[in-house]
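# Report on the structure
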Amino acid sequence: ASFRYELELAQKQLGDAEGNTKLLTNDLEAYQSRIEAADNFIESISAQLNTAEKERDKLSEEMSARLDEMIMQKQNEVEMAERIESLATEIDHANEKCTFLSTELNDVKEAANQMQEQLSSKIKSLEKVLIESKDESAAKVKKLETVQKSLALKLKASFASKGTRENM
């Protein structure tokens, strides 16, 4: 009965270790999904930054073209000043947007790096737990095999002893 109990206990512990392995695998997949989502977010921010930079460059070109046109047409200084001020404001807004998006991108990259470091640490920890769990299960299975062999030898000896008594 003790052997059966130890065997059932070892099987249960092996089942628990397999369950833990599945949970750890699911955790790993969830973390990998989060990293992919962070990468996608970084790509989105980068695309927005590129768009904002193109918009800024386009506005800069438009301002230069308008200034050249105004100088060539010799419009009055009031109209020229208003247009220049308007374009400068647009450029300032575009520059502010670029700066903001660049800062956000850096923050996201830093957060992604921190998440990746945390995930790496968690994965190493989970791998260590998994290895320890497997080693413990293997040791218990080996112990049960030893107990099983010992019981088999005792049983053989018992049968051999009974057979000798019956022959007498």
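Summary of the structure given here.

About the criteria used
- Residues numbered from 1 in each chain as written.
- Predicted model: local features only at pLDDT ≥ 70, side-chain atom pairs only at ≥ 80, totals over all residues.
- Heavy atoms only, no water.
- Helix = DSSP H or I, 4+ residues; strand = E, 2+ residues; numbered from the N terminus.
- Rg over C-alpha atoms; globule rule 2.2 N^0.38 Å.
- Buried < 20%, exposed > 50% of the residue type's maximum accessible area, 1.4 Å probe, protein only.
- Contact = heavy atoms within 4.5 Å.
- Areas by Shrake-Rupley, 256 points an atom, 1.4 Å probe, with all protein chains shown as cover.
- Lys, Arg positive; Asp, Glu negative; His and termini not counted.
- Charge placed at Lys NZ, Arg CZ, Asp CG, Glu CD.
- Core = buried A, V, L, I, M, F, W, Y, C linked by side-chain atoms within 4.5 Å.
- Salt bridge = Lys/Arg side-chain N within 4 Å of Asp/Glu carboxyl O.

## Structural notes on the overall build of the protein chain
For the protein chain, the count of helices and strands is two helices and zero strands. Computed over C-alpha atoms, the radius of gyration of the protein chain comes to 37 Å, more than 25% over the 15 Å expected from 2.2 N^0.38 for 168 residues, which places it beyond the range of a compact globule. By its C-alpha atoms, the protein chain is 135 × 15 × 15 Å across when sized along the principal axes. Classification of the 168 residues of the protein chain by burial places 14% in the buried group. Long-range pairs, those at least 24 residues apart, make up 89% of the contacts in the protein chain between residues at least 6 apart in sequence. As displayed, the protein chain has an accessible area near 12900 Å², and 53% of this comes from carbon and sulfur atoms. Here the protein chain holds 24 positive side-chain charges and 33 negative ones, and the gap between their average locations is 20 Å.

## Some details on the nonpolar core
Grouped together as the largest cluster of nonpolar side chains are 10 residues: Ala 38, Ile 42, Ile 45, Leu 49, Ala 52, Cys 98, Leu 101, Leu 105, Val 108 and Ala 112. Listing elements by their share of this core, those giving two or more residues are helix H1 (2-73) and helix H2 (77-167). Setting aside its immediate chain neighbours within four residues, Ala 38 contacts Val 108 and Ala 112.

## Points about the pattern of salt bridges
Per the stated rule, a full pass over the model turns up three salt bridges. Residues Lys 12 and Asp 16 are paired through a salt bridge, measuring 3.1 Å at the closest nitrogen-oxygen approach. One end of the pair is Lys 12 and the other is Asp 16, both in helix H1 and four residues apart, which spans about a single turn. Across the pair Asp 57 and Arg 56 runs a salt bridge, and its minimum N-O distance is 3.6 Å. Given a relative accessible area of 25%, Arg 56 falls into the partly exposed group.

## What about the environment of Phe 41?
Position of Phe 41 among the secondary structure elements: in helix H1. On the basis of relative accessible area, Phe 41 is assigned to the partly exposed category, the value being 41%. For Phe 41 and Glu 69, which are 28 residues apart along the polypeptide, the C-alpha to C-alpha distance reads 41 Å.

## So, the side chain of Ser 137
Within the secondary structure, Ser 137 is located in helix H2. In this structure, Ser 137 is in contact with Gln 13, Leu 14 and Ala 17, ignoring residues within four places of it in sequence.

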